[in-house]
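Fold and contact review
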2 protein chains.
Amino acid sequence: MASDHSVRGEEVISNKQVILKDYVSGFPRESNLYLTTSNIKLKVPEEESGKDAVLVKNLYLSCDPFMRGRMQRDLPPGEPEQSSYSLGSPIVGYGVARVVDSRHSDFKKGDLVWGRTIGWEEYSLITTPEYLFKINHTDDIPLSYYTGILGMPGITAYFCFFDIGSPKEGDRVYVSSASGAVGQLVGQFAKLIGCYVVGSAGSKEKVELLKTKFGFDDAFNYKEEHDLDAALKRYFPEGIDIYFENVGGKMLDAVLLNMRHHGRIALCGMISQYNLEQPESVQNLIAVLYKHIRMEGFSVAEYYDQYSKFLDFVLPCIKEGKIVYVEDITEGLESGPAALIGLFSGRNVGKQVVKVAQE
Amino acid sequence: MASDHSVRGEEVISNKQVILKDYVSGFPRESNLYLTTSNIKLKVPEEESGKDAVLVKNLYLSCDPFMRGRMQRDLPPGEPEQSSYSLGSPIVGYGVARVVDSRHSDFKKGDLVWGRTIGWEEYSLITTPEYLFKINHTDDIPLSYYTGILGMPGITAYFCFFDIGSPKEGDRVYVSSASGAVGQLVGQFAKLIGCYVVGSAGSKEKVELLKTKFGFDDAFNYKEEHDLDAALKRYFPEGIDIYFENVGGKMLDAVLLNMRHHGRIALCGMISQYNLEQPESVQNLIAVLYKHIRMEGFSVAEYYDQYSKFLDFVLPCIKEGKIVYVEDITEGLESGPAALIGLFSGRNVGKQVVKVAQE
């Protein structure tokens, strides 16, 4: 049989990729990653390996702190549902893409999708599209939002705050890493239901954003506070009802001293700890006992079945201007490594996204 | 008006008391307490101060770890609903007593009561009997049980385990300080619903008790384990679903490494921490995030309104022999200080009670 590319649709094109060079310990560096170009057939394989697979063209890639864990040889103890990245292979995360070919009944060529099995490359073959969602795109919503407010960070902010935080009107809410992908949403959700909300972030610019753009009641730059306990007492003289935890370590220790009785700590992330060989110790955990605090680690995977419920809530909020979203979009796959690594020094202002392709 | 004691019922008798001599820091010592004898009128005052008051003859006093906090000048940060004991006054705790006189409509002379406002003395005037419960005594139940299985420790074990632990059949349950007033009950409750239960305690005798008397599946002496993490891995090769926490510190740190995903940590006490100037730090808290653990501090005060529901469950269990209870009863108020201090070195085997009077 003649090998006719145009007839069989097996067009082979180049595929730029971001590859993990070596496993990370301590702070990740751009040099832990490198760019390469391989080739890819723009068709799902017809063999058994391609059964239920989807081939996508990546449009936006999401930079998320959890990716740090997968960059080390041994996962952090207890890290669930994941595995370390393979050396020499593209790293994998959340993203937005266009379906180029599909052998999965839920997806067809031309569909826009978002999900978590998207490689850091121009085209990805997704063999197990279990967390891939179709996007009903409308022109008034930026597609990149599906890496943020309309994607995993949005679902996380919503369900972690409402389900674990159990907020009610008048509650005093503290959000750390508050201008990030999740934090900026938590603060706005909390304001919508009448909470008093204070956020912390790592620069003057971010603090201004919290107070002006996101409508936090107050905000502070944690890098300018030598005594976090004293800072929290200034903003929460009567204590904190809900702490939305993105940071861990010293911040959590100071928060424990300032929680109110029956306070809730919604554990979403601990970004200050991911790059440490030994996690910082926490001294004040006995406060959980004395103050009858509930602390819980959030698992986004269990909430994807409520995604449409979440959209029903959040899409009107966006359209009516009740919720805004700030993204930090960098252009081109080449800029990906710096963008991802920059998360851990707080370089990004808002949700960090890498735009891979213009449609 | 003639002062006729017999007519006005103002019989004055001597009242032995255990007095706090000085505030405690670090480990409490017997010398922090002393015995004295004062006088008391066996009648509730007719003035305003006696309105709603109850005068009782104390029968049993309960030795509870939480009393340590009230023995220091400044309460531990966040310690709720309590205050430090007054120097020169009798210490106060839970106990069982007989009403001698009452100006409270709920109590009358002769009633048996248990509650938490009972002084360490022969007779107590209880001016605010808000946590005082009437006992419907039957001869087949020891009265002292109302300091333990039928009192605060029982309510604590039941609701902390069932409400915070959310147990289900087959769950792997670990109980620390497992032969104590609360732990021995938690293990038995867990067995009743088909959990696999392992307990730890601080002597060979207590470990034997756990395995033979209380029906734990297994038990170990934590003092003989140099590596608590390794010990827990031996007893829970597949991890722990529910940790019933009575100890804190190093034990909690080791448990965090061995919790299963969606495990629950029911925080009832942290007895290893109460006598430390600085609490031990916890290193492995990030496991709460990665494993989506729920950890919650228990507040018994919120469950007293469900006391009758608890009795409906536990009284038949006792009568049918499904639940047993081991007490360590010491005789006489004079033995009280040693009994209370002994809690913190684990001297007691089972619930520590002080018998003040034989009726």
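Residues numbered from 1 in each chain as written. Chains lettered and ligands numbered in written order. Predicted model: local features only at pLDDT ≥ 70, side-chain atom pairs only at ≥ 80, totals over all residues. Heavy atoms only, no water.

Some words on the overall build of chain A
When helices and strands are tallied, chain A shows ten helices and 15 strands. What you see for chain A is a C-alpha radius of gyration of 21 Å, in line with the 21 Å of a compact globule of 359 residues. By its C-alpha atoms, chain A is 80 × 45 × 35 Å across when sized along the principal axes. Evaluated residue by residue, chain A yields a buried proportion of 60% over its 359 residues. Of all intrachain contacts in chain A linking residues separated by at least 6 positions in sequence, the fraction that spans at least 24 positions is 69%. On chain A, roughly 14500 Å² of surface is accessible, and the fraction owed to carbon and sulfur atoms is 47%. Between the centroid of the 38 positive side chains of chain A and the centroid of its 48 negative side chains there is a distance of 2 Å. (Helix = DSSP H or I, 4+ residues; strand = E, 2+ residues; numbered from the N terminus. Rg over C-alpha atoms; globule rule 2.2 N^0.38 Å. Buried < 20%, exposed > 50% of the residue type's maximum accessible area, 1.4 Å probe, protein only. Contact = heavy atoms within 4.5 Å. Areas by Shrake-Rupley, 256 points an atom, 1.4 Å probe, with all protein chains shown as cover. Lys, Arg positive; Asp, Glu negative; His and termini not counted. Charge placed at Lys NZ, Arg CZ, Asp CG, Glu CD.)

Topic: the relation of the copies chain B and chain A
Rotating chain B by 180 degrees and moving it 0.0 Å along the rotation axis overlays it on chain A with an RMSD of 0.0 Å. In short, the pair behaves as if placed about a two-fold rotation axis. In this assembly, 100% of the residues forming the interface of chain B have copies in chain A that are likewise at the interface, indicating an isologous arrangement. (Least-squares fit on C-alpha atoms with pLDDT ≥ 70 in both.)

Observations concerning the environment of A:Gly183
Residues and elements named next belong to chain A. Here Gly-183 lies in helix α4 (residues 183-192). With 60 residues separating them along the chain, Gly-183 and Tyr-243 place their C-alpha atoms 11 Å apart. With near-sequence residues (within four places) excluded, Gly-183 lies in contact with Val-175, Ser-177, Ala-178, Phe-216 and Asn-246.

Side note on the side chain of A:Thr156
Residues and elements named next belong to chain A. Among the structural elements, Thr-156 can be located in helix α3 (residues 152-164). A distance of 2.8 Å separates a polar atom in the side chain of Thr-156 from the backbone oxygen of Met-152. If sequence neighbours within four positions are ignored, Thr-156 has contacts with Phe-161, Val-182, Cys-268, Phe-298 and Val-300. (Polar contact = N/O pair within 3.5 Å; in protein donor to acceptor, adjacent residues only side chain to side chain.)

Here we look at the pattern of salt bridges
By the definition in use, this model includes 32 salt bridges over all chains. As a salt-bridge pair, A:Lys233 and A:Asp229 come within 2.6 Å of each other at their nearest N and O atoms. Pair noted here: A:Lys233 and A:Asp229 are both in helix α6 (residues 228-235), with a separation of four residues, about one helical turn. You can call A:Asp229 partly exposed: its relative accessible area is 22%. Put simply, B:Glu320 and B:Lys322 hold a salt bridge, and the shortest N to O gap is 3.2 Å. Taken together, the salt bridges that share partners define one network made up of A:Arg172, A:Glu238, A:Asp241 and A:Arg260. (Salt bridge = Lys/Arg side-chain N within 4 Å of Asp/Glu carboxyl O.)

Structural notes on the domain arrangement of chain A
Residue and element names in this part refer to chain A. The domain architecture assigned to chain A consists of domain 1 (11-148 + 326-355) and domain 2 (152-301). Each of domain 1 and domain 2 has a C-alpha centre, and the two are 28 Å apart. On the side of domain 2, 20 residues touch domain 1, which itself brings 24 residues to the contact. The junction of domain 1 with domain 2 conceals about 1600 Å² of combined surface from both sides, 60% of it contributed by carbon and sulfur atoms. On the domain 1 side of the interface with domain 2, the three residues burying the most area are Gly-148, Val-326 and Val-349, jointly 28% of the side's total. Our count for the contact surface shared by domain 1 and domain 2 stands at zero salt bridges. (Domains from an automatic or database assignment. Buried area = accessible area lost by both parts, 1.4 Å probe.)

Details of the sheet that holds strand β9 (residues 196-201) of chain A
Here twelve strands make up an open sheet; going across it, the order is β10(A)-β9(A)-β8(A)-β11(A)-β12(A)-β13(A)-β13(B)-β12(B)-β11(B)-β8(B)-β9(B)-β10(B) and the pairing mixed. In the strand order of this sheet, the two ends are held by β10 (218-221) of chain A together with β10 (218-221) of chain B, each with one partner. Sheet twist, expressed as the mean angle between neighbouring strand axes with direction ignored, is 15 degrees. One ladder, built from three bridges, connects strand β8 (residues 172-175) of chain A with strand β11 (residues 240-245) of chain A; its direction is parallel. Each residue of the ladder has a partner; that of A:Val173, found in β11(A), is A:Ile242. Contacts from helix α5 (residues 204-212) of chain B reach β9 (196-201) and β10 of chain B, with the element oriented near 175 degrees to β10(B). (Pairing = 2+ DSSP bridges. Axes fitted to C-alpha atoms, helices over the stretch in contact; angles between N-to-C directions.)

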